[in-house]
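Residue-level listing of the chains:
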Amino acid sequence: MSITAPIAAPDYHGFEPFKLTDPFASWKALREQAPVFYDDRIGYWVVSRYDDVKSVFDNWETFSSANAQQPVRPLGEAAKKVLAEGDFTAYSGLSARIPPDHTRIRAIATKAFTPRRYKVLEPFIRENVNVLIDRMIAKGEPGDILTDIAWDLPTITIFTLIGVPVDMIETVKAWASSRTAITWSDLTDDEQVPHAENLVAYWRFCRQLVADAKTTPGDNLVSDLVRFQAEGDEITDHEIASFLYSLLFAGHETTTTLISNTVRELLANDEFAHVAEDPELIPGAIDEVLRVSGSIVAWRRHAERDGEVAGVPIPAGSKVLLLMGAANRDPAVFPDPDTFDITRSNARAHLSFGYGIHYCIGNMLGKLQTKIAVEEIARRLPNLRLVPDAQITFGDNLSFRVPDSVPVLWS
């Protein structure tokens, strides 16, 4: 009788793709022991070192963004049926497109993201922050930075920018949550169905925004895009609606997280008093938060042809997961990487907004809102502190590291 040697279990180095509450030790182990490895549980090559992640972002011809918005877990038949019957044909605004379409649409969209629009929005953002602070104070302690302030603020901002009624906040937030769940979470077939229904409603709403802008234009971004189209820019109604489908999601979800994480990190690291005393420190602090606790910690790419990363062959057709969160703590780039340092000289080199042609088009707006929010919270609530012994966890997700709450006291 022959004896067969046991097959060794794969070594994942503690990495759990959908667990984001405390992934840092596993990210460190990957950088040191397996900077490019194949994770058979999700079917992705996982890349964790800074230079390697950056090089993949930069090589869009080999590693395209075509799969950036595809569900991590393929849709079941029931969810597919819901989307098909709802005429759901939404496509990425920019993040999953490649040149020449990406170049063409981004050039047009950039014309709508003007300094004038940001300048007009700044006092509006500041006023809204104070309204939300007033409501939190009136409600009483403990408050929650996420639900009391960060939840509504960027949504109101992006709605105003696009031209969406602010009374739709809860509806659009629900649609956005469904998009996150169906695209980046590990759902069962049955769990996908209600989210698919929400996506149909979300897409129909985006299509209607374009139609409305053509009949009743206003001073907003969607009307700008429709006007550019009428003036001869090459962009279709479907492409405008797809851009809105992306912007209505990314334009508030990631900023909600950034505001929440910025306040949380400043309080947890005893830096809140410092930025309250010297608001000039806030922009650097925001970049350091983006480095150590970015809203998006992983993004996906697809190998269009045979390639390699750090000498590891990546066959054509492979899926690649870029761990920006791990790359942002690479000691080869950021000395003492696990230390939160709001004066770090190269914090802006983080990869949380991506790199290369897909660098986040809305990064300035997200940082502006976070800056204003921190300024006003620090001015109004100088004694702000986290609720003692609060256990802040982060939802299960492949890419979006979102705290469940940021409970605070201020008296």
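Residues numbered from 1 in each chain as written. Predicted model: local features only at pLDDT ≥ 70, side-chain atom pairs only at ≥ 80, totals over all residues. Heavy atoms only, no water.

Visitor: Please explain the overall build of the protein as it appears in this structure.
Guide: When you go through the protein residue by residue, the secondary structure sums to 15 helices and 10 strands. Here the C-alpha radius of gyration of the protein, 22 Å, is about what a compact globule of 411 residues would show, namely 22 Å. Within the span of the protein, comprising 411 residues, buried residues form 56% of the whole. Element-wise, carbon and sulfur atoms account for 54% of the exposed surface of the protein, whose accessible area totals about 17700 Å². Measuring between centres, the 40 positive side-chain charges of the protein sit 3 Å from its 57 negative side-chain charges. (Helix = DSSP H or I, 4+ residues; strand = E, 2+ residues; numbered from the N terminus. Rg over C-alpha atoms; globule rule 2.2 N^0.38 Å. Buried < 20%, exposed > 50% of the residue type's maximum accessible area, 1.4 Å probe, protein only. Areas by Shrake-Rupley, 256 points an atom, 1.4 Å probe, with all protein chains shown as cover. Lys, Arg positive; Asp, Glu negative; His and termini not counted. Charge placed at Lys NZ, Arg CZ, Asp CG, Glu CD.)

Visitor: Got a minute to help me understand the nonpolar core in this structure?
Guide: Nonpolar side chains tend to gather and get buried jointly when the protein is soluble and globular. Formed by 128 residues in total, the largest nonpolar core has its most connected members in L248 and L384. With 13 residues, helix α11 (residues 237–268) is the largest single contributor of residues to this core. Dropping the residues within four chain positions of it, L384 is found in contact with I145, V263, L267, F272, I377, V408, L409 and W410. (Core = buried A, V, L, I, M, F, W, Y, C linked by side-chain atoms within 4.5 Å. Contact = heavy atoms within 4.5 Å.)

Visitor: Whenever I open this one, the packing of helix α8 (residues 169–184) against α11 confuses me. Can you help?
Guide: In helix packing, the relevant descriptors are the interaxial angle and the interaxial distance, both defined with respect to the helix axes. Between α8 and α11, whose axes approach to 10 Å, the crossing angle comes to 90°. Considering their axes alone, α8 and α11 lie roughly perpendicular with respect to each other. When α8 is examined against α11, the residues V172, K173, A176, R179, T180 and W184 are found in contact with a partner set consisting of Y245, S246, L248, F249, H252, E253 and T256. Split by residue class, the contact of α8 with α11 holds 6 nonpolar, 4 polar and 3 charged. (Axes fitted to C-alpha atoms, helices over the stretch in contact; angles between N-to-C directions. Parallel < 35°, antiparallel > 145°, perpendicular 65-115°, else oblique. Nonpolar A, V, L, I, M, F, W, Y, C, P; charged D, E, K, R; others polar.)

Visitor: For this particular structure, what's the right way to read the sheet that holds strand β9 (residues 385–386)?
Guide: In a beta sheet, neighbouring strands are held together by backbone hydrogen bonds and run either parallel or antiparallel to one another. Strand order in this open sheet of 3 strands is β4-β10-β9, and the pairing throughout is antiparallel. Looking at strand neighbours, the two that pair on one side only are β4 (143–144) and β9, the edges of this open sheet. Sheet topology note: the β4/strand β10 (residues 407–409) ladder contains 2 bridges and is antiparallel. Bridge pairing in β10 places D144 opposite P407. (Pairing = 2+ DSSP bridges.)

Visitor: Explanation requested: the packing of aromatic side chains in the structure shown.
Guide: Both the distance between ring centres and the angle between the ring planes are used here to describe each pair of aromatic rings. For the coordinates displayed, the defined rule picks out 16 aromatic pairs. Relative to Y202, the ring of W175 lies with its centre 5.7 Å away and its plane at 20°, an arrangement referred to as stacked. Here W175 is found in helix α8, whereas its partner Y202 is found in helix α9 (residues 189–215), with 27 residues between them in sequence. Note on accessibility: W175 and Y202 belong to one class, buried. Where F249 meets F400, the ring centres are 5.6 Å apart and the plane angle is 75°; that geometry is what we call edge-to-face. (Phe/Tyr/Trp six-rings, centres within 6.5 Å; stacked < 30°, edge-to-face > 60°.)

Visitor: It is not clear to me how helix α3 (residues 77–85) should be interpreted in this structure. Could you clarify?
Guide: Within the sequence span of α3, burial applies to A79, V82 and L83. The buried residues of α3 occupy one face: seen down the axis, they fall within an arc of 95°. For α3, exposure combined with an orientation more than 90 degrees from the buried face picks out E77, K81, A84 and E85. The inward-facing, buried residues of α3 abut α9. After α3 finishes, the residue D87 shows a positive phi value of roughly 55°. (Arc of directions from axis to C-beta.)

Visitor: Explain the sheet that holds strand β2 (residues 44–47) here, please?
Guide: If you trace the 5 strands from one edge of the open sheet to the other, you get β1-β2-β8-β5-β3, paired in mixed fashion. Edge strands, defined here as strands with exactly one partner in the open sheet, are β1 (36–39) and β3 (63–64). For strand β5 (residues 299–303) and strand β8 (residues 319–322), the ladder comprises 4 bridges, and the chain directions are antiparallel. Bridging from a neighbouring strand, W299 pairs with L322 of β8.

Visitor: Explain the packing of helix α5 (residues 115–139) against helix α7 (residues 153–162) here, please?
Guide: Running from N to C, α5 and α7 point in directions that differ by 145°, and their axes come no closer than 10 Å. Considering the relative orientation of α5 and α7, their crossing is right-handed. When α5 is examined against α7, the residues R117, L121, F124, I125, N128, V129 and L132 are found in contact with a partner set consisting of L153, I156, T157, T160 and L161. Of the residues contributing to the contact of α5 with α7, the split by class is 8 nonpolar, 3 polar and 1 charged. (Left-handed = near helix turned anticlockwise from the far one by under 90°.)

Visitor: Got a minute to help me understand the state of the cysteines in this structure?
Guide: Each disulfide consists of a covalent bond between the sulfur atoms of two cysteine residues. Within the structure shown, the criterion is met by 0 disulfides. Among the cysteines around C206, which has no disulfide bond, C360 carries the closest sulfur, lying 17 Å off. (Disulfide = S-S within 2.5 Å.)

Visitor: What is the right way to read the pattern of salt bridges from this model?
Guide: Oppositely charged side chains may form a pair once their charged atoms are brought near each other. Taken as a whole, this structure holds 27 salt bridges when the rule is applied. Here D189 ties to R73 by a salt bridge, and the two come within 2.9 Å at their closest N and O atoms. With D189 in helix α9 and R73 in the loop between β3 and α3, this residue pair connects regions lying 116 residues apart in the sequence. Ionic pairing is found between R227 and E231, a salt bridge with its closest N-O pair at 3.6 Å. (Salt bridge = Lys/Arg side-chain N within 4 Å of Asp/Glu carboxyl O.)

By themselves, these are just geometric observations and shouldn't be taken as functional.
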